[in-house]
Structure formats: structure tokens, C-alpha cells
Amino acid sequence: MLPAQVDANLMAELQDIKAAVQATDTLLVVDAMTGQEAAALVKTFNDQVDISGAILTKMDGDSRGGAALSVREVSGKPIKFVGTGEKMDALEPFYPERMAQRILGMGDMLTLYEKAQEAIKEDEVLAFQKRLEADAFDFNDFMEQFKRMSNMGGLQMLKLMPGFSGVSEKQLYEVEKKLKRYEGMIASMTEEERANPQLLISSPSRR
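No experiment lies behind these values; they were computed from the predicted model shown. (Residues numbered from 1 in each chain as written. Predicted model: local features only at pLDDT ≥ 70, side-chain atom pairs only at ≥ 80, totals over all residues. Heavy atoms only, no water.)

A few points about the side chain of Glu 92
Phase 1: Tracing the chain through its elements places Glu 92 in strand E4 (residues 91-93).
Phase 2: Assessed through its relative accessible area of 13%, Glu 92 is described here as buried.
Phase 3: Beyond its immediate stretch of four places on either side in the chain, Glu 92 contacts Lys 80, Phe 81, Val 82, Thr 84, Thr 111 and Lys 115. (Helix = DSSP H or I, 4+ residues; strand = E, 2+ residues; numbered from the N terminus. Buried < 20%, exposed > 50% of the residue type's maximum accessible area, 1.4 Å probe, protein only. Contact = heavy atoms within 4.5 Å.)

Next up, the structure:
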């Protein structure tokens, strides 16, 4: 007997489609926020259509891997990808050892390093370092760093760092709201003000 949340007619359609298409992979998309409740759903789909693996979504949320453990335990099939956002580039290969580190609150420095490599070029780092050493950091630099951080997944990347697993979605949301406000303030500045913050200090009306 199928669980209440599974439609028998749709399940029959899936079986017909799989028989007709002969797909090389049958992947079940599982919402990671469901935690251990995913077990019954995964077992049903595996029994009915024999899945070859799973994709876990919403891994950027507060979930701590219960769904990941459920998928493997009840189906014996691997998790192949995890989704950490709403765009296609937020779909990443699944690494069990990294998931274990996240569950234990140890962070995931390898994934963080890979995201940084993709978002930041070495020559950009050197140029930024020189500007810092020359005390030439301005609002344009701030905006550039903010954009790079957004390309890496925004403040969600903090959860990849050891000790930050306990940071809640609400806390991240509040900080992101403030950063958006700062972005709007900087966007309202003139080009001269963005390049020379001292102009704001010397102008009481603009402060």
C-alpha cells in the first residue's frame, strides 16, 4: 500500500514512462528539509520505480543531513547531487565525507575553497591585496567584494566554515537585509564619493 502523499495513478505513469524511455538514470529529488520523514517516500519510489540515485535540494537551509541518511539507509542508492540554491549552477556533486563534516558542525572547507576558486581569480586577489596595503580601499572595492560573495552563494557560505553551522536562516536574512541597504546607499553616491570616502567625512550634509 502506497503512503497517503503518493498518488497511485501518477506512480503508475512513472512506471510506464520508465519502461518506455529506458532511462540510464532514475533520480529522485528529495527536499532535505523533510529530514527523517523522507525515508518512507524514498522507500516507496525505490520499490515502485527502482531509483538509481537521488538529488537533495535545499541543502543551503537549516537541515542537518537527516534526509541524506534516510535516502541511503532505506534505498541503498547513492545521493548524486545536492542543490544549494535556486539556479542551475547551485547543483553540486555530493560528497559523503563533506556532508558528515557539516552534520558534525565541522564545516566544509573544501567546498568553500572550490567556490572561492570559481568566483575569484588570482590576479584579482593580488590587486585587492595591493589596494589594502596602500590604504586605498574604497566603496567600489566594497561593492566588488559584495558581488563576489554573492556569486559564491552569499552569506550561506558562512555555514561551510567550522563553528558557523548553528547560524540560523533568520540571522543570515537579517544580515543580508543590512548589506542590501548598504548596497543601496553606495549606489546613491556619486562616482567621486565612491572612489574617495573622505569626501563624505568632510560633507555633513552627505553623511
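Describing the confidence of the model for the protein chain
Low pLDDT means the predicted atomic positions in that stretch should not be read closely.
Phase 1: When pLDDT is averaged across the protein chain, the result is 79; 88% of the residues are at 70 or more.
Phase 2: Between the elements of the protein chain, mean pLDDT differs from a low of 73, seen in helix H4 (residues 96-103), to a high of 88, seen in helix H9 (residues 191-195). (pLDDT = per-residue confidence, 0-100.)

Thoughts on the pairing of strand E3 (residues 79-83)
Phase 1: Here strand E2 (residues 53-57) runs beside E3; their pairing, made up of 3 bridges, is parallel. By the bridge assignment for E3, Leu 56 is matched with Val 82.
Phase 2: In this structure, E3 lies alongside E4, joined through 3 bridges in antiparallel fashion. When the sheet's bridge partners are listed, Val 82 is paired in E4 with Glu 92. (Pairing = 2+ DSSP bridges.)

A few points about the pattern of salt bridges
Phase 1: According to the stated counting rule, one finds 8 salt bridges in the structure shown.
Phase 2: Residue Lys 43 is joined to Asp 47 by a salt bridge in which the shortest nitrogen-to-oxygen separation is 2.9 Å. With Lys 43 and Asp 47 both in helix H2 (residues 38-49) and 4 residues apart, this pair spans about one turn of that helix.
Phase 3: Under the relative-accessibility criterion, Lys 43 is labelled partly exposed at 43%. (Salt bridge = Lys/Arg side-chain N within 4 Å of Asp/Glu carboxyl O.)

Re the packing of helix H7 (residues 139-151) against helix H8 (residues 169-187)
Phase 1: Relative to each other, H7 and H8 sit at 140 degrees, their axes nearing to 11 Å. Here H7 lies oblique to H8, going by the angle between them. The chirality of how H7 crosses H8 is left-handed. Here Phe 139, Phe 142, Met 143, Phe 146 and Met 149 of H7 lie close against H8, whose contacting residues are Leu 179, Glu 183 and Ile 186.
Phase 2: A breakdown of the residues in the contact of H7 with H8 according to their chemical character gives 7 nonpolar, no polar and 1 charged. (Axes fitted to C-alpha atoms, helices over the stretch in contact; angles between N-to-C directions. Parallel < 35°, antiparallel > 145°, perpendicular 65-115°, else oblique. Left-handed = near helix turned anticlockwise from the far one by under 90°. Nonpolar A, V, L, I, M, F, W, Y, C, P; charged D, E, K, R; others polar.)

A word on the environment of Phe 128
Phase 1: Among the structural elements, Phe 128 can be located in helix H6 (residues 122-133).
Phase 2: Sequence spacing of Phe 128 and Gln 145 is 17 residues, and the spatial spacing of their C-alpha atoms is 9.4 Å.
Phase 3: Among residues more than four places away in sequence, those in contact with Phe 128 are Phe 137 and Gln 145.

Notes on the nonpolar core
Phase 1: Val 30, Leu 56, Val 71 and Ile 79 are the most contacted members of the largest nonpolar core, which has 19 residues in total.
Phase 2: Elements supplying a minimum of two residues to this core: strand E1 (27-31), H2, E2, helix H3 (66-75) and E3.
Phase 3: For this core, the leading source of residues is H2, giving 4 residues.
Phase 4: Leave out the neighbours within four places in its chain, and Val 71 touches Val 30, Val 42, Ala 54, Leu 56, Gly 76, Lys 77 and Ile 79.
Phase 5: Phe 146, Leu 155, Leu 160 and Leu 179 belong to the second largest nonpolar core, which has 9 residues in total. (Core = buried A, V, L, I, M, F, W, Y, C linked by side-chain atoms within 4.5 Å.)

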